[in-house]
Amino acid sequence: MTSGAHTPLAGRLNALTIDSRVDAERAVLIPRGELVHGCADMLARTLAELPDGTGRVDLDMGRVVFMDTAGLQFLDLLDSYGHRHRIPVRATHWNGQPRRILELAGLDTTDPLDRTAHASDAEPGPPSASAVALERAEQLDVLREEVEQLRQAIASRPVIDQARGVLMATHSCTSDEAWNILREASQRSNIKLHTVAAAVTAGTETAGPAPPEELRRALRTAITRCLAESSRSGSVRQDPSRRRPAVDGGVAGGRRPAGDADADLAVHDALLGSRTCSG
């Protein structure tokens, strides 16, 4: 049996129709088209035509292509019918735009009547979160994590810049090379970049603590690599505006001569509070 909507919308391409069949005491209704103005009236007529003794009503919503707020009235009517006749009712197989509307309304997209069908028998509780609400909560968590990372980066930036300045003054390297030294030392020692920078900066203070031996080895390896690459290049890559006098006999405004890596490392060890300069 098929029912059609007798409304001004009936001439539309996706006008609602409802196919129905009854197997034993189970009625299966298959709406097709759009749940818009007049859809509740059509459902009411279809339900009124069901035979006496119907013990269950199942709606297959897979062929509904669109719904607006009238679709919620459609569900309310179906739910009321189930309570009035004391029979279970279901509306399943939602997809596409109608499923999205259920999500926006905070309803279960598997069966929006499943929760309300037992409301009179159960204690009221908080509504379950909709898919939209869960998606927004996940996005909010991501944004919070990004904000926290930015805060940590802002807090770490001053000490990192100070450590870069120490390395630039000690080894006559560029700002980018100083950054690469810190990053490589962090990776080699498995110590956070902020902690590496803090150790380099603290080591230049009077009676400042020397970094842990593991970090010292990582720094020496990173510095040796940087100086070796600079010696091989044989050119001064430093920006003129960033040139500064070298420390301990270096060439002012440029690179130390090739072969002076040991002298650079000795100065670096002294700045870090070391009393000995092992290989």
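First, a word on scope: everything that follows refers to the structure included in this document. What you are looking at is a predicted structure, and each value in this text was computed from that prediction instead of being measured.

Describing the overall build of the protein chain
Okay, so step 1: Along the protein chain, the regular secondary structure elements total eight helices and six strands.
Okay, so step 2: Taken from N to C terminus, the helices and strands of the protein chain fall in the order β-β-β-α-β-β-α-β-α-α-α-α-α-α.
Okay, so step 3: Of all 279 residues assigned to the protein chain, the portion counted as buried reaches 39%.
Okay, so step 4: Taking contacts inside the protein chain between residues at least 6 apart in sequence as the whole, the part at least 24 apart equals 61%.
Okay, so step 5: About 15,900 Å² of surface is accessible on the protein chain, with carbon and sulfur atoms providing 52% of the total.

Here we look at the packing of helix α5 (residues 175–189) against helix α6 (residues 193–202)
Okay, so step 1: At their nearest, the axes of α5 and α6 sit 9 Å apart, and the two run at 115° to each other. Where α5 crosses over α6, the two elements pack in a sense that is right-handed. In contact with Trp179, Leu182, Arg183, Ala185, Ser186 and Ser189 of α5, α6 contributes Leu193, Val196, Ala197 and Val200.
Okay, so step 2: Looking at the contact of α5 with α6 residue by residue, the class counts come to seven nonpolar, two polar and one charged.

As for the pattern of salt bridges
Okay, so step 1: Taken as a whole, this structure holds 14 salt bridges when the rule is applied.
Okay, so step 2: The closest approach of N and O atoms between glutamate 103 and arginine 99, which form a salt bridge, is 3.8 Å. A residue pair is termed a helical-turn pair when its members lie 3 or 4 positions apart in one helix, as glutamate 103 and arginine 99 do in helix α3 (residues 96–104) at four residues.
Okay, so step 3: The class for glutamate 103 is buried, based on a relative accessible area of 11%.
Okay, so step 4: Put simply, Arg26, Arg56 and Asp58 are held in one network by salt bridges that share partners.

Some details on helix α7 (residues 213–233)
Okay, so step 1: With 21 residues, α7 extends 30 Å between its outermost C-alpha atoms, agreeing within 8% with the 30 Å of an ideal straight helix rising 1.5 Å per residue.
Okay, so step 2: Within α7 the residues assigned to the buried category are Leu215, Arg216, Ala218, Leu219, Arg220, Ala222, Ile223, Cys226, Leu227 and Ser230.

What about the nonpolar core?
Okay, so step 1: Judged by nonpolar contacts, the single largest core of 26 residues is most densely connected at Leu35, Val57, Leu59 and Leu78.
Okay, so step 2: Contributing elements (two or more residues each) for this core: β3 (26–35), α1 (39–48), β4 (56–60), β5 (64–67), α2 (69–85) and β6 (89–92).
Okay, so step 3: It is α2 that provides the largest number of residues to this core, a total of five residues.
Okay, so step 4: With near-sequence residues (within four places) excluded, leucine 59 lies in contact with Leu29, Pro31, Leu43, Phe74, Leu78, Arg90, Ala91 and Thr92.
Okay, so step 5: Ile160, Ala163, Leu182 and Leu227 belong to the second largest nonpolar core, which has 23 residues in total.

Re the environment of arginine 157
Okay, so step 1: Among the secondary structure elements, arginine 157 is positioned in helix α4 (residues 131–171).
Okay, so step 2: Note on arginine 157: relative accessible area 47%, which makes it partly exposed.

Things to note about α3
Okay, so step 1: All of the buried residues in α3 are Pro98, Leu102 and Glu103. In an axial view of α3, the angular spread of the buried residues amounts to 145°, which keeps them on one side of the axis. Turned more than 90 degrees off the buried face of α3, the exposed positions are Gly96 and Leu104.
Okay, so step 2: Downstream of α3 by one or two residues, glycine 106 has phi in the positive range, about 75°.

What about unusual backbone geometry?
Okay, so step 1: Not every positive phi belongs to a glycine, and alanine 24 is a case in point at roughly 60°.
Okay, so step 2: Mapping alanine 24 onto the fold places it in the loop between β2 (17–23) and β3.

Topic: the side chain of threonine 170
Okay, so step 1: You can see threonine 170 is positioned in helix α4.
Okay, so step 2: Its relative accessible area of 1% is what places threonine 170 among the buried residues.

What about the state of the cysteines?
Okay, so step 1: Under the counting rule described, the total for this entry stands at zero disulfides.
Okay, so step 2: The thiol of cysteine 173 is unpaired, and the distance to the nearest cysteine sulfur, on cysteine 226, comes to 5.3 Å.
Okay, so step 3: Assessed through its relative accessible area of 0%, cysteine 173 is described here as buried.

Cut-offs and rules
- Residues numbered from 1 in each chain as written.
- Predicted model: local features only at pLDDT ≥ 70, side-chain atom pairs only at ≥ 80, totals over all residues.
- Heavy atoms only, no water.
- Helix = DSSP H or I, 4+ residues; strand = E, 2+ residues; numbered from the N terminus.
- Buried < 20%, exposed > 50% of the residue type's maximum accessible area, 1.4 Å probe, protein only.
- Contact = heavy atoms within 4.5 Å.
- Areas by Shrake-Rupley, 256 points an atom, 1.4 Å probe, with all protein chains shown as cover.
- Axes fitted to C-alpha atoms, helices over the stretch in contact; angles between N-to-C directions.
- Left-handed = near helix turned anticlockwise from the far one by under 90°.
- Nonpolar A, V, L, I, M, F, W, Y, C, P; charged D, E, K, R; others polar.
- Salt bridge = Lys/Arg side-chain N within 4 Å of Asp/Glu carboxyl O.
- Expected span 1.5 Å × (residues − 1).
- Core = buried A, V, L, I, M, F, W, Y, C linked by side-chain atoms within 4.5 Å.
- Arc of directions from axis to C-beta.
- Disulfide = S-S within 2.5 Å.

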